[in-house]
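# Structure assessment
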Amino acid sequence: MFWSRRVRKNEAWEGVVTAKSRNMPDGSNLYHYVEIALPDGKARKIRVKGSLWDSLRPGDKVVKRTGSEPVRK
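Conventions adopted
Residues numbered from 1 in each chain as written. Predicted model: local features only at pLDDT ≥ 70, side-chain atom pairs only at ≥ 80, totals over all residues. Heavy atoms only, no water. Helix = DSSP H or I, 4+ residues; strand = E, 2+ residues; numbered from the N terminus. Rg over C-alpha atoms; globule rule 2.2 N^0.38 Å. Buried < 20%, exposed > 50% of the residue type's maximum accessible area, 1.4 Å probe, protein only. Areas by Shrake-Rupley, 256 points an atom, 1.4 Å probe, with all protein chains shown as cover. Lys, Arg positive; Asp, Glu negative; His and termini not counted. Charge placed at Lys NZ, Arg CZ, Asp CG, Glu CD. Salt bridge = Lys/Arg side-chain N within 4 Å of Asp/Glu carboxyl O. Pairing = 2+ DSSP bridges. Contact = heavy atoms within 4.5 Å. Polar contact = N/O pair within 3.5 Å; in protein donor to acceptor, adjacent residues only side chain to side chain. Core = buried A, V, L, I, M, F, W, Y, C linked by side-chain atoms within 4.5 Å.

What the chain contains, in helices and strands, is one helix and five strands. Helices and strands in the chain line up, N terminus first, as β-β-β-α-β-β. Against the globule reference of 11 Å for 73 residues, the chain gives a C-alpha radius of gyration of 12 Å, in line with a compact fold. Taking the principal axes of the C-alpha coordinates as reference, the chain spans close to 35 × 25 × 20 Å. Looking at the chain as a whole, 27% of its 73 residues are labelled buried. Accessible area for the chain stands at about 5,100 Å²; split by element, carbon and sulfur atoms hold 51% of it. Taking the 17 positively charged and 8 negatively charged side chains of the chain as two groups, their mean positions are separated by 2 Å.

With that out of the way, let us pick up the pattern of salt bridges. For side chains of opposite charge, pairing can occur when their charged atoms come near one another. Under the counting rule described, the total for this entry stands at five salt bridges. For R44, the salt bridge identified is with E11, shortest N-O distance 2.8 Å. One end of the pair, R44, is in strand 3 (residues 43-48); the other, E11, is in the segment before strand 1 (13-23), and 33 residues separate them in sequence. Its relative accessible area of 24% is what places R44 among the partly exposed residues.

Strand pairing in a sheet is mediated by backbone hydrogen bonds. Such pairs are either parallel or antiparallel. One open sheet accounts for five strands, arranged 3-2-1-4-5; its pairing is antiparallel. Each end of this open sheet is capped by a strand with a single partner; those strands are strand 3 and strand 5 (71-72).

Here we take up the environment of R57. Mapping R57 onto the fold places it in the loop between helix 1 (50-55) and strand 4 (61-64). In this structure, the C-alpha to C-alpha distance between R57 and E35, residues 22 residues apart in sequence, is 11 Å. Residues contacting R57, with those up to four places away along its chain left out, are V17 and K20. A polar side-chain atom of R57 sits 3.3 Å from the main-chain carbonyl oxygen of D54.

The biggest cluster of nonpolar side chains holds 12 residues, and these are V7, W13, V17, V34, I36, L38, I46, V48, L52, W53, L56 and V62. Among the elements of the structure, strand 1, strand 2 (31-37), strand 3 and helix 1 are those that each provide at least two residues to this core. Not counting the four nearest positions on each side in its chain, V17 is found in contact with E35, I36, L56, R57, P58, G59, D60 and V62.

Next comes the structure, spelled out in structure tokens:
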């Protein structure tokens, strides 16, 4: 079963970055991931753009509003 880490446009959440990683699963595309700790205690690993990934550090707050991309807050 395939599980997408891509963020959907209709989602809304906010949380704190706990970890960052990069991966080349297909050998040709580099994907950037951050692990987010949500206020309800759950953790979620999401795929983000490289420019956002570069600006994030563990402890930074990330906000995703409906219809927009995740941003650092």
